[in-house]
Amino acid sequence: MTTERAAIRPFLTKVSEGTLMVDLESFRQKALELGAGTAEIIPATQITVDERVRLKCIVPRCLRAGETPNCPPYTPELDVIRKAFAKFAWAILLKTHVEPLEAYTPRSGKSKAEQRQTLLFHQKTGEIVYQIERLAYKHGYHLAMGFGGGSCKDYLCHGLICQFLDSGRCRFPHRARPAMEAMGIDVFDLIGKVGWEAYPLLDELSQVPCAISVGLVLVY
Ligand code: SF4
């Protein structure tokens, strides 16, 4: 089935509800084309920002906390995030399948490159989020903003020291952004609302049915 592509139009053009839905569907289709396993159009009201999620970045402390400007404690205050998100009506939620999971398991693999594969767990999702945000912006949705999973220090800088904190110049200024969880979004709550499943990735990974990485683009 071919989907009508969103037309390029000037910023602040008033779009009808019908046009908005056509645009959202074309962004959803694009996410699939780019490699998302599934993508959904969701009302932004389904997104929950929870203090406990933010706290989970430091209790217990994530290795990346404080290591990039996109990780707590440098991320925006949750009240600002809640107020900003409340002004959005629609978003695209997407997931990619991380497989084979063994390749992304810490300390697996023989070569250095294989051992570093774990850093790239969220790489594909990050790229799709970036492309969908860009596409929405290009079609006049000037406040579109996207979030992926994990730290940009892993999926973009492959574990190198953060150049922004070191010298003030990010290596990937347009691609780097906070993760959904760093923004306090309860990702598991959100994917549960659309019927997706995720499993704890601990200990017996051979028994885990699948691993996913999740992204979100707030459009309008
Ligand atoms: S330099 Fe790398 S780690 Fe630092 S903010 Fe940019 S992408 Fe993230």
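Everything below is about the structure shown above.
Just so it is clear, the structure is predicted and the values come from calculations on it, not from any experiment. (Residues numbered from 1 in each chain as written. Predicted model: local features only at pLDDT ≥ 70, side-chain atom pairs only at ≥ 80, totals over all residues. Heavy atoms only, no water.)

Peer 1: In this structure, what is going on with the packing of aromatic side chains? I would like to understand it.
Peer 2: The description of an aromatic ring pair rests on the distance of the ring centres and on the angle between the ring planes. Here the structure, examined in full by the defined rule, presents five aromatic pairs. Consider the rings of Tyr141 and Tyr220, whose centres lie 5.7 Å apart with planes at 80 degrees: the pair is edge-to-face. Placement of the pair is Tyr141 in the loop between α5 (123–138) and β3 (145–147) and Tyr220 in the segment after β4 (212–218), with a sequence separation of 79 residues. What makes Tyr220 partly exposed here is its relative accessible area of 40%. An aromatic cluster is defined as three or more aromatic residues linked by ring pairs; in this entry it consists of Phe27, Tyr141 and Tyr220. (Phe/Tyr/Trp six-rings, centres within 6.5 Å; stacked < 30°, edge-to-face > 60°. Helix = DSSP H or I, 4+ residues; strand = E, 2+ residues; numbered from the N terminus. Buried < 20%, exposed > 50% of the residue type's maximum accessible area, 1.4 Å probe, protein only.)

Peer 1: I would appreciate a short explanation of the site of the ligand in the present structure.
Peer 2: Around the ligand sit 13 residues, and of these Cys152, Cys157, Cys162, Gln163 and Cys170 come closest. Looking at the shell around the ligand, the elements that each hand over two or more residues are α6 (152–155) and α7 (163–167). (Near = heavy atom within 4 Å.)

Peer 1: What am I meant to see in the pairing of strand β2 (residues 90–97) here?
Peer 2: Every regular strand shows the same layout, with side chains that alternate between the two sheet faces. Burial of β2 is extensive: six of the eight residues sit out of reach of the surface. Inspection of the sheet shows strand β1 (residues 38–43) paired to β2 by six bridges, in the antiparallel sense. In the sheet register, Ile41 faces β2, and the bridge partner there is Ile92. Here seven bridges tie β2 to β4, and the two strands are oriented antiparallel to one another. Among the inter-strand pairings, Ala91 is bridged to a residue of β4, identified as Leu218. (Pairing = 2+ DSSP bridges.)

Peer 1: Before we go on, may I ask you to explain the pattern of salt bridges in this structure?
Peer 2: Close approach of charged atoms lets side chains of opposite charge pair. Under the criterion given, the structure shown has twelve salt bridges. Of the charged contacts, one joins Arg9 and Asp23 as a salt bridge, the two residues approaching to 2.8 Å between their closest N and O atoms. Here Asp23 lies in helix α1 (residues 17–33) and Arg9 lies in the segment before α1, a separation of 14 residues in the sequence. Using a relative accessible area of 2% as the deciding quantity, one classes Asp23 as buried. A salt bridge links Asp50 to Arg52; the nearest nitrogen and oxygen atoms lie 2.7 Å apart. Take Asp50: its relative accessible area is 11%, and that puts it in the buried class. Several salt bridges share partner residues, and in doing so they unite Arg64, Glu67, Lys153 and Asp154 into one network. (Salt bridge = Lys/Arg side-chain N within 4 Å of Asp/Glu carboxyl O.)

Coordinates in, geometry out; function isn't part of it.
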